[in-house]
Amino acid sequence: MLGDTVVATCLDRVVGGRQLFERQLAAPLPRDPELVLVTDLDGTLLGGPTADRRRFYHWLAEQRQRVLHVFCTGRDLGSIARVLQEDEPIGLAAPHLVIGDVGCTVACGSSLLPLPLAVDPIEARWAGLQERLLPLLQGQPGLTSQPIHSDRRLAYYVDVERFDHSLVPQLEAYGVDCLLSDNRYLDLLPAGVNKGSTLLTLLEWLELDHAKVVTAGDTLNDLAMFETGLNGVMVGNAEAALLAHLPRLPSVYLAAGEGCAGIAEGLRHFGFDHRWD
Ligand SMILES: [Mg+2]
């Protein structure tokens, strides 16, 4: 194993982290993007009036060489593939990169195949956790397993009135973070892994300037993205529990517009209006 590490490190020096990473992609990334746009899906990129969505998707497609687009969502890869198909008629196109499963999956946007360089370290942190956690979760009031194929996390619907909240510290003692979002989703993620941590790792691999990044989201599972200190847009339809954090997030702009209209408003706010208007 040590031999592998040495080889990887040497290779790293010769070709650079970004090149190494790009070798795992099916399609090339913009060489020197002017903007790195990182969008949540439900309520954010998929949110707002259809006319605003069409206009925004059209703009994104036109800017493909200048804007590096990343989906950053709680959805798994299968569900992302479905939404791309469903919303293709209104112009939604595949992004360059995908962060899925609330930060536990990283994939190429065009092939939707996971990228081992980013995923393997998360997989290692998840190893054995599911087997240890499931017995504690079985039969708990207010919890229903989500009918999705989730990777490196456990995903539940939660009835917050019936759920026994004292279970959270017991679960977290096993080395997971419990993330309640939109008042109805409960995710168990390997401790320290979330949308924000995975996004920062990705930016490091790609050697991207943080000043060029704008993130956008609407629920508590986006909070970790907003806590990175990167420019962020909380869209106008953000959930109340997320809005409550706004005063301590100086790099985050609260938009009036919902969904896509809010993202566009945020891009103007952060000085990318010459790209948008
Ligand atoms: Mg959302």
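For clarity, every value in this text was computed on a predicted model and none was experimentally measured.

Tell me about the overall build of the protein, residues and numbers included.
Counting its secondary structure elements, the protein contains 13 helices and 11 strands. Taking 277 residues into account, the globule formula puts the C-alpha radius of gyration at 19 Å, and the protein, at 19 Å, falls close to it. C-alpha extents for the protein along the principal axes are approximately 55 × 50 × 35 Å. Sorting the 277 residues of the protein into buried and exposed places 38% on the buried side. Considering only intrachain contacts with a sequence separation of at least 6, the fraction spanning at least 24 residues in the protein is 64%.

Explain the sheet that holds strand E1 (residues 35–39) to me, using residue names and the numbers behind them.
Read across the open sheet, the seven strands follow the order E4-E3-E2-E1-E9-E10-E11; overall the sheet is mixed. The open sheet has two edge strands, strand E4 (105–108) and strand E11 (252–254), and neither has a second partner. Averaged over all pairs of adjacent strands, the angle between strand axes in this sheet comes to 20°, irrespective of strand direction. By the bridge criterion, four bridges tie strand E3 (residues 97–100) to E4 in an arrangement that is antiparallel.

Lay out the sheet that holds strand E7 (residues 176–181) in plain terms, naming residues and giving numbers.
A sheet is described by the order of its strands in space; here four strands give the open sequence E5-E6-E8-E7, paired in antiparallel fashion. Only two strands of the sheet have a single partner each, and these edge strands are strand E5 (143–145) and E7. Shown here is a sheet whose adjacent strand axes are inclined to one another by a mean of 30°, direction ignored. Relative to strand E6 (residues 154–158), E5 is paired through three bridges, and the arrangement is antiparallel. Residue Ser145 lies in a different strand from E6, and its bridge partner there is Tyr156.

Give a detailed account of the domain arrangement of the protein, specifying residues and quantitative values.
For the protein, the domain assignment lists domain 1 (33–119 + 193–276) and domain 2 (123–190). Taken together, the 16 residues of domain 1 in the interface contact 17 residues of domain 2. A breakdown of the residues in the side of domain 1 that touches domain 2 according to their chemical character gives five nonpolar, eight polar and three charged.

Tell me about the nonpolar core, and please be specific about residues and values.
Residues Val38, Val70, Ile99 and Ile263 are the most contacted members of the largest nonpolar core, which totals 43 residues. Apart from the residues lying within four places of it in its own chain, the contact partners of Val70 are Val36, Val38, Pro95, His96, Leu97 and Ile99. Core analysis: the next-biggest nonpolar cluster, separate from the first, contains 15 residues, Cys104, Leu129, Leu171 and Leu186 among them.

Can you explain the packing of helix H4 (residues 50–62) against helix H12 (residues 259–269)? Please cite residues and give values.
Where H4 meets H12, the closest approach of the two axes is 7 Å, and the angle between their N-to-C directions is 50°. If you check the angle between H4 and H12, you find them oblique. Between H4 and H12, the residues in contact are Asp52, Arg53 and Phe56 and Gly259, Cys260, Ala261, Ile263 and Ala264, respectively. Among the residues making up the contact of H4 with H12, the classes are represented as five nonpolar, one polar and two charged.

So what's going on with the pairing of E3? Which residues, and what values?
Burial along E3 is two-sided: Leu97 and Ile99 and Val98 and Gly100, pointing in opposite directions, are all buried. Across three bridges, strand E2 (residues 67–72) lies against E3 in parallel orientation. Counted as the bridge partner of Phe71 is Val98 from E3. The hairpin formed by E3 and E4 contains four residues between the paired strands, and Asp101 there has a positive phi angle of roughly 50°.

Calculation rules
Residues numbered from 1 in each chain as written. Predicted model: local features only at pLDDT ≥ 70, side-chain atom pairs only at ≥ 80, totals over all residues. Helix = DSSP H or I, 4+ residues; strand = E, 2+ residues; numbered from the N terminus. Rg over C-alpha atoms; globule rule 2.2 N^0.38 Å. Buried ≥ 20, exposed ≤ 12 C-beta atoms within 10 Å, placed from the backbone. Contact = placed C-beta atoms within 7 Å. Pairing = 2+ DSSP bridges. Axes fitted to C-alpha atoms, helices over the stretch in contact; angles between N-to-C directions. Domains from an automatic or database assignment. Nonpolar A, V, L, I, M, F, W, Y, C, P; charged D, E, K, R; others polar. Core = buried A, V, L, I, M, F, W, Y, C linked by C-beta atoms within 7 Å. Parallel < 35°, antiparallel > 145°, perpendicular 65-115°, else oblique.

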